[in-house]
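# Coordinates in review
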Amino acid sequence: MSIFYILLIFMIIAAIIAVETQNLLSSVICIGAIGFGASLMFLFLRAPDIAITQIVVEVLGLIILIRATISRDLTFISGDREFFGTVVSVVIIAVIFLAGLKILQTKSLEEIQEIRQTHPHVVALPDFGTPVYSFTQGAASKEYVERGLKETGAANLVASIILDFRAYDTLGEATVLFTSIIGATVILRLKSKKRLEELDV
Amino acid sequence: MKGMTVIVKTIASWVKILIFVFGIYIILFGHLTPGGGFAGGVILASSYVLLMLAFGRGFVEENLPSAVASKLDCLGAFLFAMIATLGLAFGGSFFINFVYQKFLPGEPLHLISAGTIPLSNIAIGLKVGASLFLVIFSLSVFCKDFRCKEI
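A brief look at the structure comes next. The structure displayed is predicted, hence computed values, not measured ones.

Rules behind the numbers
Residues numbered from 1 in each chain as written. Chains lettered and ligands numbered in written order. Predicted model: local features only at pLDDT ≥ 70, side-chain atom pairs only at ≥ 80, totals over all residues. Heavy atoms only, no water. Axes fitted to C-alpha atoms, helices over the stretch in contact; angles between N-to-C directions. Helix = DSSP H or I, 4+ residues; strand = E, 2+ residues; numbered from the N terminus. Parallel < 35°, antiparallel > 145°, perpendicular 65-115°, else oblique. Left-handed = near helix turned anticlockwise from the far one by under 90°. Contact = heavy atoms within 4.5 Å. Nonpolar A, V, L, I, M, F, W, Y, C, P; charged D, E, K, R; others polar. Core = buried A, V, L, I, M, F, W, Y, C linked by side-chain atoms within 4.5 Å. Buried < 20%, exposed > 50% of the residue type's maximum accessible area, 1.4 Å probe, protein only. Buried area = accessible area lost by both parts, 1.4 Å probe. Salt bridge = Lys/Arg side-chain N within 4 Å of Asp/Glu carboxyl O. Polar contact = N/O pair within 3.5 Å; in protein donor to acceptor, adjacent residues only side chain to side chain. Phe/Tyr/Trp six-rings, centres within 6.5 Å; stacked < 30°, edge-to-face > 60°.

Viewed as axis vectors pointing N to C, helix α3 (residues 48-69) of chain A and helix α2 (residues 37-55) of chain B meet at an angle of 25°, and their least axial separation amounts to 9 Å. As the angle between them shows, α3 of chain A and α2 of chain B are arranged roughly parallel. For the element pair α3 of chain A and α2 of chain B, the recorded crossing hand is left-handed. Contacts between α3 of chain A and α2 of chain B involve Ile 52, Thr 53, Val 56, Val 57, Leu 60, Ile 63 and Arg 67 of chain A from the first element and Phe 38, Ala 39, Val 42, Ile 43, Ser 46, Val 49 and Leu 53 of chain B from the second. For the contact of α3 of chain A with α2 of chain B, the residue count by class is eleven nonpolar, two polar and one charged.

And the structure:
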C-alpha cells in the first residue's frame with residue numbers, strides 16, 4: 001500500500017511545481033507527470049482498462065498542450081507580496097490536508113471487523129484500494145461479477161458493464177462528446193473560414 | 001509549415017501503420033482484453049496526429065478531409081444509437097443485448113461472442129477517433145489563424 005502514498009506524494013509535488021514554475025513548458029510537462037502517475041495508480045489498483053485510456057488520453061493531451069505552448073510563453077504577474085501570499089496559502093493547504101488525514105483516518109479490514117464486533121454502530125473507512133464491495137450485502141458489483149459472463153458472454157467484465165449493464169452511461173458520454181465536438185468545430189472553423197475569405201480577397 | 005526533418009518523416013511513415021493496426025486491435029478485442037472503443041479510438045486519432053506533426057497539416061487534409069472525418073463521426077454516433085434502437089425492436093427493451101440472446105450466442109473467449117458489445121465498441125471507436133481527430137485538426141487551423149492575426 002506504500003506505493004500509493006509514494007505516487008500520491010509524487011503527484012502532489014508535480015502539481016505544486018506545475019502551478020508555481022515560471023516556464024510554461026515545464027508546467028505542461030509536470031501536468032503530464034501527474035497524468036502518468038494516475039495511470040500507474042490505476043494499474044496498481046488492477047484496472048488496466050482505465051490505465052490504458054488514461055495513458056492514451058494523457059499522451060494526446062500533452063501533444064496538444066506542448067504544440068500550443070512551445071511557440072509562445074506567457075509572463076507571470078508577480079507582486080510585491082508574493083512571498084507572503086505563498087507562505088499563507090501553503091500553511092492553509094497543509095492545515096486542511098492534515099485535518100483531512102485526521103478525519104478520514106482509514107483502517108484495515110481486520111481492524112474494521114474487530115470494531116464491528118464490539119461497537120456495531122461505529123463507522124470506519126477502509127484503506128485505500130480495499131475491495132469493499134466483495135463482501136457487502138446486496139452490492140451491485142457482486143451481481144455483475146457473478147452474472148456478467150453468463151448474461152452477456154463477454155470475457156472482459158468492464159466491457160460487459162459499460163456496454164450492456166450500464167449502456168445508458170456510455171450513451172450519455174457519447175452524446176456529451178458528440179455535442180462538444182460539434183460546438184468546438186463550428187466555433188473554430190467559422191473564424192478560420194472568415195479569415196481565409198479575407199486572405200483570398 | 002511543411003513538417004519536420006527527414007528522420008522524423010521516415011520514422012513516422014514506418015510507425016503510423018503499426019499504431020493504426022494496434023488501435024484496430026484494441027477496438028476489435030475490446031470485449032476480450034483490456035481496452036475498448038474509447039481507448040482504441042484515441043489510438044486511431046493519435047496515429048493521424050503523428051502524421052500531422054511529422055508531415056504538416058496539408059498532408060493530413062489530403063488523406064482524411066475534415067468533411068469525411070465529420071461524416072465518420074456522425075456515422076459512429078448513428079450506429080451506436082441504431083444498435084440501441086434495434087434492441088428495442090428485436091428484444092423489447094432499449095439497449096438489450098439482442099444478438100447474444102436471440103441470434104448468435106457464440107462461445108465465450110472467442111472473437112465472435114458477446115453479441116452487441118463488439119458492435120458497440122466498433123461504433124464508439126469510430127466516433128471517438130473521428131471526433132478527436134476533428135478537434136485537433138480544428139485547433140491547428142485556429143492556431144494558424146491566430147498567428148496570422150498577430151502578424
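Back to the text.
All right, on to the nonpolar core then. Of all hydrophobic cores here, the largest spans 35 residues; its most connected members are Phe 80, Leu 132 and Phe 133 of chain B. Among the secondary structure elements, those contributing two or more residues to this core are α3, α7 (157-165) and α8 (167-200) of chain A together with α2, α4 (66-90) and α6 (116-150) of chain B. If one sorts the elements of this core by residue count, α6 of chain B sits on top with eleven residues. Discounting chain neighbours no more than four positions away, the residues touching Phe 133 of chain B are Ala 45, Tyr 48, Met 52, Val 60, Leu 64 and Ala 69 of chain B.

Taken together, the contact between chain A and chain B spans 40 residues of the former and 49 residues of the latter. Together, the buried faces of chain A and chain B total about 4,000 Å²; carbon and sulfur atoms form 73% of this surface. In this assembly, chain A and chain B are joined by zero salt bridges. The interface formed by chain A and chain B contains six residue pairs in polar contact (both at pLDDT 80 or more). Listing elements by their share of the side of chain A that touches chain B, those giving two or more residues are α3, α6 (140-152), α7 and α8 of chain A.

Residue and element names in this part refer to chain B. Counted under the stated rule, the structure contains two salt bridges over all chains. Here Asp 73 makes a salt bridge to Lys 127, at a shortest N to O gap of 3.8 Å. With a gap of 54 residues between them, Asp 73 in helix α4 and Lys 127 in helix α6 connect regions that are remote in the sequence. Judged on exposure class, the residue Asp 73 and its partner Lys 127 are both buried.

Here the focus is unusual backbone geometry. With the exception of glycine, the majority of residues adopt a negative phi angle, and the majority of peptide bonds are in the trans configuration. Positive phi is not limited to glycine here, since Arg 46 of chain A has a value of about 60°. Taking the relative accessible area as the measure of exposure, Arg 46 of chain A reaches 77% and is therefore exposed. Backbone geometry places Phe 95 of chain B, a non-glycine residue, at a positive phi of 70°. For Phe 95 of chain B, the location among the structural elements is in the loop between α4 and α5 (98-103). Note on Phe 95 of chain B: relative accessible area 8%, which makes it buried.

Mapped onto the elements of the fold, Ser 27 of chain A is located in helix α2 (residues 24-44). Taking the relative accessible area as the measure of exposure, Ser 27 of chain A reaches 12% and is therefore buried.

This model, assessed by the stated rule, comprises twelve aromatic pairs over all chains. Ring geometry for Phe 55 of chain B versus Phe 59 of chain B: centroids 4.7 Å apart, planes at 25°, classification stacked. Given the relative accessible area of 31%, Phe 59 of chain B is considered partly exposed. On the basis of an interplanar angle of 15° and a centroid distance of 5.5 Å, the ring pair of Phe 90 of chain B and Phe 98 of chain B is categorised as stacked. Taken together through their ring pairs, the aromatic side chains of Tyr 168 of chain A together with Phe 80, Phe 94 and Phe 95 of chain B make up a single cluster.

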